[in-house]
Amino acid sequence: MLKRSLALAVGVALSFCSLLTQAADTLKVSAIPDEAPTELLRKFKPLGAYLEQQTGMKVEFVPVSDYPAVVEALATDRIDMAWLGGFTFVQARLKTGNAIPLVQREQDAQFTSKFITADPAVKSLADLKGKTFAFGSVSSTSGSLMPRYFMLKDGIKPESYFSRVGYSGAHDATVAWVQAGKVDAGVLNASVWEKLVAAGKVDTTKVKVFATTPAYFDYNWTVRGTLDPALAAKIKAAFLALDPANPKDKEILDLQAASRFIETKPENYKGIEEAARAAELLK
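Sequence order sets the numbering: in each chain, residues are counted from 1 along the sequence as written. Selection of residues for local features in this predicted model requires a pLDDT of at least 70, selection of side-chain atom pairs for listing and counting requires 80 or more, and totals for whole chains, interfaces and linings are taken over all residues. Side-chain measures here rest on the full set of heavy atoms in the structure, leaving out hydrogens and waters.

In the annotation of an unreviewed UniProt entry, the chain is listed under the name Phosphonates ABC transporter, periplasmic component and assigned to Pseudomonas brassicacearum. UniProt positions are given in the numbering used here, feature names are shortened, and annotations may be inferred rather than shown by experiment. What the UniProt record of the chain gives under Sequence similarities (unreviewed entry) is the line "Belongs to the phosphate/phosphite/phosphonate binding protein family."

Structure (structure tokens):
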């Protein structure tokens, strides 16, 4: 009986160690759901395969239901790395105290949001007083926080300026709302707008851009602060090594809407934290 018990204990211990080893050999990656889940996965697949080659680890994409879920997963070490907007990075940094931004796309140092409408009479925000308006997700940097911040600076408080304010949940959904006439106008990530136009997914004879925000820092790839520093350095080096002159690398960069990746640091997002506090989105 003793031998059987010992054998069972050893077996359980070995199985547990095997599970730990398997978990340690898998890099779990997620992203804020700012587009449809199928689109996020399509964009990630070649990048995931590249990271597997560069790290020697299995790379698993972990979809989440909403923006707060990414922050929570990073804070509880259920994922190792995430594609975050500037605001979700600030939230993750404040929640964890040690989330580390590794890289950003070159254009993320000068990011903008686009205000769109299908109403020919709308030429500026002044023409939208008393009309309906859509943001993306409440936690979106480019689809909510920064446009709201710039409107507040211009003396426009959305909830009292517009007759109704809605949250579509994602940038492509905002375009769909405006195009279908569900709202009079909306605001979204400039990069997604350009991608949708290029793909012919927007009827530009109906929907137009009528304003663009000033520039701000936005997206980055962030790792949890407890990740092995050597692995974090290897991941960063992999992103920085992507070369647009290499056709395979260019395919990855194009799907990420990136000309190339550059290093970033927490200090770059201080302005977003200040904007979030000014908009009373951080306590």
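Colleague: I tried to follow the packing of helix 2 (residues 37-55) against helix 10 (residues 247-255) on my own but got confused; where do I start?
Modeller: Helix-helix packing is described using two parameters, namely the angle between the two axes and the distance between the axes. Running from amino to carboxyl end, helix 2 crosses helix 10 at an angle of 140 degrees, the nearest separation of the two axes being 8 Å. One way to sum up the angle between helix 2 and helix 10 is to call them oblique. Between helix 2 and helix 10 lies a crossing of left-handed hand. Between helix 2 and helix 10, the residues in contact are Arg-42, Lys-43, Pro-46, Leu-47 and Tyr-50 and Asp-249, Glu-251, Ile-252 and Leu-255, respectively. Here the term charged refers only to Asp, Glu, Lys and Arg, the term nonpolar to Ala, Val, Leu, Ile, Met, Phe, Trp, Tyr, Cys and Pro, and the term polar to all other amino acids, Gly among them. In terms of residue class, the contact of helix 2 with helix 10 is made up of 5 nonpolar, no polar and 4 charged. Axis lines are fitted to C-alpha atoms, over the contacting stretch for helices. Their N-to-C directions set the angle, which ranges from 0 to 180 degrees. We count a stretch as a helix when DSSP gives it H or I for four or more residues in a row; a strand needs E for two or more, and each element gets its number in order from the N terminus. What sets the label is the angle itself: under 35 degrees gives roughly parallel, over 145 gives roughly antiparallel, 65 to 115 gives roughly perpendicular, and the rest give oblique. A clockwise turn of the near helix away from the far one marks a right-handed crossing, whereas an anticlockwise turn of less than a right angle marks a left-handed crossing. In this analysis, two residues are considered to be in contact whenever any of their non-hydrogen atoms come within 4.5 Å of each other.

Colleague: In this structure, what is going on with the sheet that holds strand 9 (residues 208-212)? I would like to understand it.
Modeller: Neighbouring strands of a sheet are bound in pairs by backbone hydrogen bonds; such pairs are parallel or else antiparallel. Strand order in the open sheet formed by 5 strands is 7-6-8-5-9, with mixed pairing between adjacent strands. Strands with a single pairing partner mark the edges of an open sheet, and in this sheet they are strand 7 (164-167) and strand 9. Adjacent strand axes in the sheet meet at a mean angle of 30 degrees, parallel and antiparallel pairs treated alike. For strand 6 (residues 132-135) and strand 7, the ladder comprises 4 bridges, and the chain directions are parallel. Bridging across to strand 7, Ala-134 finds its partner in Gly-166. Contacting strand 5 (113-117), strand 6, strand 7 and strand 8 (185-189), helix 5 (residues 141-153) runs over the sheet at an angle of about 125 degrees to strand 6. Sitting on the sheet, helix 8 (residues 190-198) touches strand 5, strand 8 and strand 9, and the angle it makes with strand 8 is about 100 degrees. Two strands pair if DSSP finds at least two bridges between them.

Colleague: How do you make sense of the pattern of salt bridges when you look at a structure like this?
Modeller: Two side chains of opposite charge can pair, provided their charged atoms sit close to one another. Here, a salt bridge means any side-chain nitrogen of Lys or Arg that lies within 4 Å of a carboxyl oxygen of Asp or Glu. Overall, the coordinates contain 15 salt bridges when judged by the stated rule. Among the ionic pairs, Lys-131 bridges to Asp-119, the shortest N-O distance being 3.9 Å. Taken together, the residues span a long stretch of sequence, with Lys-131 in the loop between strand 5 and strand 6 and Asp-119 in the loop between strand 5 and strand 6 at a distance of 12 residues. The structure contains a network of salt bridges with shared partners spanning Glu-35, Glu-39, Arg-42, Lys-43 and Lys-195.

Colleague: Would you explain the side chain of Asn-220 in this entry?
Modeller: With respect to the secondary-structure elements, Asn-220 resides in strand 10 (residues 220-223). What qualifies as a polar contact is a pair of N or O atoms within 3.5 Å, subject to a donor-acceptor requirement within protein and to the restriction that residues adjacent in sequence count only when both atoms come from side chains. Only 3.3 Å separates the side chain of Asn-220 from the side chain of Tyr-269, close enough to count as a polar contact.

Colleague: Got a minute to help me understand helix 7 (residues 171-180) in this structure?
Modeller: In an α-helix, one turn spans 3.6 residues; hence positions three or four apart end up facing the same way. Restricting attention to buried positions, one finds in helix 7 the residues His-171, Thr-174, Val-175, Trp-177 and Val-178. Seen along its axis, helix 7 keeps its buried residues to an arc of 160 degrees; they face one direction. Immediately beyond the C-terminal end of helix 7, within one or two residues, lies Gly-181, with a positive phi of roughly 80 degrees. Exposure categories follow from relative accessible area, calculated using a 1.4 Å probe and restricted to protein chains: below 20% of the type maximum is buried, above 50% is exposed, and the middle band is partly exposed. Summarising the geometry, the arc corresponds to the directions from the helix axis toward the C-beta atoms.

Colleague: I would appreciate a short explanation of the layout of surface pockets in the present structure.
Modeller: Gaps left between atoms are located by rolling a probe of water-molecule size over the structure's atoms. Detection works on a 1 Å grid of protein atoms alone, calling trapped sets that fit a 1.4 Å probe cavities and calling open sets with protein on both sides within 12 Å along at least five of seven lines pockets, with lining residues defined by an atom within 4 Å of a point. Grid points are joined across faces, edges and corners, and a volume is the space filled by probe spheres set on the points. Space inside the largest pocket adds up to approximately 320 Å³. Surrounding the largest pocket, 19 residues form its lining, Ser-191, Glu-194, Lys-195, Leu-196 and Ala-257 being those nearest its centre. Of all elements in the fold, only helix 2 and helix 8 reach the threshold of two or more residues within the lining of the largest pocket. If you tally residues by element for the lining of the largest pocket, the top one is helix 8, at 6 residues. Here the lining of the largest pocket is built from residues that sort into 7 nonpolar, 4 polar and 8 charged. As annotated, the domain borders come from an automatic or database domain assignment. For the lining of the largest pocket, the two domains that each supply at least three residues are domain 1 (25-107 + 216-269) and domain 2 (111-210). Its boundaries defined by the atoms lining it, the second largest pocket holds a volume of some 160 Å³.

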